[in-house]
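Each chain, written out:
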Amino acid sequence: MVMTPFATQLDLIEGTMENPDRVVVRHASDMRGHYKDADALERLVAAGDPVHYRVYEKAVPEVPGQLLFCVSILEPGTVGREYFMTKGHYHSVPDTAEAYLALHGQGYMLMKTAQGDCAWEFMMRGRLVYVPPHWAHRSINTGRERLVSFCVYPAHAGHNYGDIEAQGFPKRVVDQEGRPAFV
Ligand code: S6P
Ligand code: ZN
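Note that the structure is a prediction, hence the values are computed from the model and not measured. (Residues numbered from 1 in each chain as written. Chains lettered and ligands numbered in written order. Predicted model: local features only at pLDDT ≥ 70, side-chain atom pairs only at ≥ 80, totals over all residues. Heavy atoms only, no water.)

Engineer: How do you make sense of empty space enclosed by the protein when you look at a structure like this?
Structural biologist: Summary: where empty space remains is shown by rolling a probe the size of a single water molecule over the atoms. One pass over the structure, following the stated rule, counts one cavity of 30 Å³ or more. Taken as a whole, the largest cavity spans an internal volume of roughly 40 Å³. The wall of the largest cavity is formed by Tyr53, Ser72, Leu74, Thr86, Ser139, Leu147 and Ser149. In terms of residue class, the lining of the largest cavity is built from three nonpolar, four polar and no charged. (1 Å grid on protein atoms, 1.4 Å probe; cavity = no way out; pocket = protein on both sides within 12 Å on 5 of 7 lines; lining within 4 Å. Points joined across faces, edges and corners; volume = space filled by probe spheres on them. Nonpolar A, V, L, I, M, F, W, Y, C, P; charged D, E, K, R; others polar.)

Structure representation (structure tokens):
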């Protein structure tokens, strides 16, 4: 049976999707273990546990040949000196790539491989970051406004968060006198 074509409407500045099938909302409390300054994160949780990021998706069958796409909004802010970021993940099917188109705000895509390579790419409106297969990826908002991006990836890719929870990334991105520094 063939699938029926569909369309959806995105707001490229707000980073929202009309009639999403899934909305992932991650609060500060969902980010435990990811920031160096755990006490600063707990202060943020106690002060109201604000939303860190939201991801809007349409559901498609998660099988080879299909594409999943999403629009996401990462709020600005810092935990200690570290900029707000996503958890980050490898794909469960490691040989699957992902393309990220930045729509609003400024930040970085931080990437790493299991072999110890580390790379980052700047994100601003109109910049497309290509995350090749086998690279874990995390987005980081280093600006003062929301970082909004659109992503697309093979629908069977899946998410592997465990390896990042266990090992983190080789670099942290911190505010040094108002500018992002990779430490
Ligand atoms: C999925 C894609 C994005 C992220 C989203 C949130 O492969 O990379 O949809 O899921 O940016 O990040 P994370 O690390 O919490 O899934
Ligand atoms: Zn991904």
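Engineer: Help me out: how do you make sense of the layout of surface pockets in this one?
Structural biologist: The space that makes up the largest pocket amounts to roughly 350 Å³. Forming the boundary of the largest pocket are 22 residues, of which Tyr53, Val55, His89, His159 and Tyr161 lie nearest the centre. In terms of residue class, the lining of the largest pocket is built from nine nonpolar, seven polar and six charged.

Engineer: Help me understand the coordination of the zinc ion (ligand 2), please; the structure alone is not making it clear to me.
Structural biologist: Metal coordination angles have textbook ideals: 109.5 degrees for a tetrahedral set of four donors and 90 or 180 degrees for an octahedral set of six. For the zinc ion (ligand 2), the full set of protein donor atoms is His89 (NE2), His91 (NE2), Glu98 (OE) and His137 (NE2), and the range of their distances to it is 2.1 to 2.3 Å. Metal-centred angles of 72 to 172 degrees between the six donor atoms at the zinc ion (ligand 2) mark the site as octahedral. Between consecutive donors of the zinc ion (ligand 2), the numbers of intervening residues give the motif H-x1-H-x6-E-x38-H. Here the residue His91 occupies a position in the loop between strand 7 (82-83) and strand 8 (98-104), and His137 occupies one in strand 12 (residues 136-141), the gap between them amounting to 46 residues. The exposure class of His91 is buried, given its relative accessible area of 6%. What makes His137 buried here is its relative accessible area of 2%. (Donors = N, O, S within 2.8 Å, 3.2 Å for Na, K, Ca; no water. Tetrahedral: all angles 85-135°; square planar, octahedral: opposite > 155°, others 65-115°. Helix = DSSP H or I, 4+ residues; strand = E, 2+ residues; numbered from the N terminus. Buried < 20%, exposed > 50% of the residue type's maximum accessible area, 1.4 Å probe, protein only.)

Engineer: Whenever I open this one, the site of ligand 1 confuses me. Can you help?
Structural biologist: Taken together, 16 residues lie near ligand 1, and Tyr53, Gly88, Glu98, Tyr100 and Tyr161 sit nearest. Backbone polar atom of Gly88 to an oxygen atom of ligand 1: 2.9 Å apart, as the coordinates give it. His91 places a side-chain nitrogen or oxygen 3.1 Å from an oxygen atom of ligand 1. Protein contact buries 97% of the 400 Å² of open area that ligand 1 shows by itself. Using a 2 Å cut-off from the grid points, one finds that ligand 1 occupies the largest pocket. Counting only elements with at least two residues in the shell around ligand 1, the list comes to strand 4 (51-57), strand 8 and strand 13 (147-154). Residues belonging to the shell around ligand 1 are distributed by class as follows: seven nonpolar, six polar and three charged. (Near = heavy atom within 4 Å. Polar contact = N/O pair within 3.5 Å; in protein donor to acceptor, adjacent residues only side chain to side chain. Areas by Shrake-Rupley, 256 points an atom, 1.4 Å probe, with all protein chains shown as cover. Sits in = over half its atoms within 2 Å of the grid points.)

Engineer: Please explain helix 1 (residues 38-46) as it appears in this structure.
Structural biologist: For an α-helix, 3.6 residues make a turn, and residues three or four places apart therefore share a direction. For helix 1, the complete set of buried residues consists of Ala40, Leu41 and Val45. Axial view of helix 1: buried residues confined to an arc of 145 degrees, hence all on one face. Residues of helix 1 that are exposed and angled more than 90 degrees away from the buried face: Asp39, Arg43 and Ala46. Those residues of helix 1 hidden inside the fold are in contact with strand 6 (78-79). After helix 1 finishes, the residue Gly48 shows a positive phi value of roughly 130 degrees. (Arc of directions from axis to C-beta. Contact = heavy atoms within 4.5 Å.)

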